[in-house]
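So the chains spell out like this:
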Amino acid sequence: MFDLSGNVSEWSDENEGVTTGNPAYDIMALQGGSFLTPANGLTCKFDFDVISTNAVLPSLGFRCCKDGP
């Protein structure tokens, strides 16, 4: 099995920058999708969203993603 969708968007280790506030927080790419995401955004390849590391959301979590065969 591969590229399964969970019920949350997932943190990735891809750093996209930092916030401008004080303190500054890393901005990380999100992958996959949550129960709020349209069907075409529910794969590990969907990585168009970013979020700061201080965010807390009910639709945010983690999973291990790896490219499929």
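Read on for a plain summary of the structure.

Criteria and cut-off values
- Residues numbered from 1 in each chain as written.
- Predicted model: local features only at pLDDT ≥ 70, side-chain atom pairs only at ≥ 80, totals over all residues.
- Heavy atoms only, no water.
- Helix = DSSP H or I, 4+ residues; strand = E, 2+ residues; numbered from the N terminus.
- Contact = heavy atoms within 4.5 Å.
- Areas by Shrake-Rupley, 256 points an atom, 1.4 Å probe, with all protein chains shown as cover.

Considerations on the overall build of the protein
- The number of helices and strands found in the protein is zero helices and four strands.
- In the protein, the succession of α and β elements from N to C terminus is β-β-β-β.
- Taking contacts inside the protein between residues at least 6 apart in sequence as the whole, the part at least 24 apart equals 44%.
- Carbon and sulfur atoms make up 57% of the accessible area of the protein, which amounts to about 5,000 Å² in all.

Considering unusual backbone geometry
- A cis geometry characterises the amide bond from Asn-22 onward to Pro-23, with omega recorded as 10°.
- Mapped onto the elements, Pro-23 comes out in the loop between β1 (9–18) and β2 (26–31).

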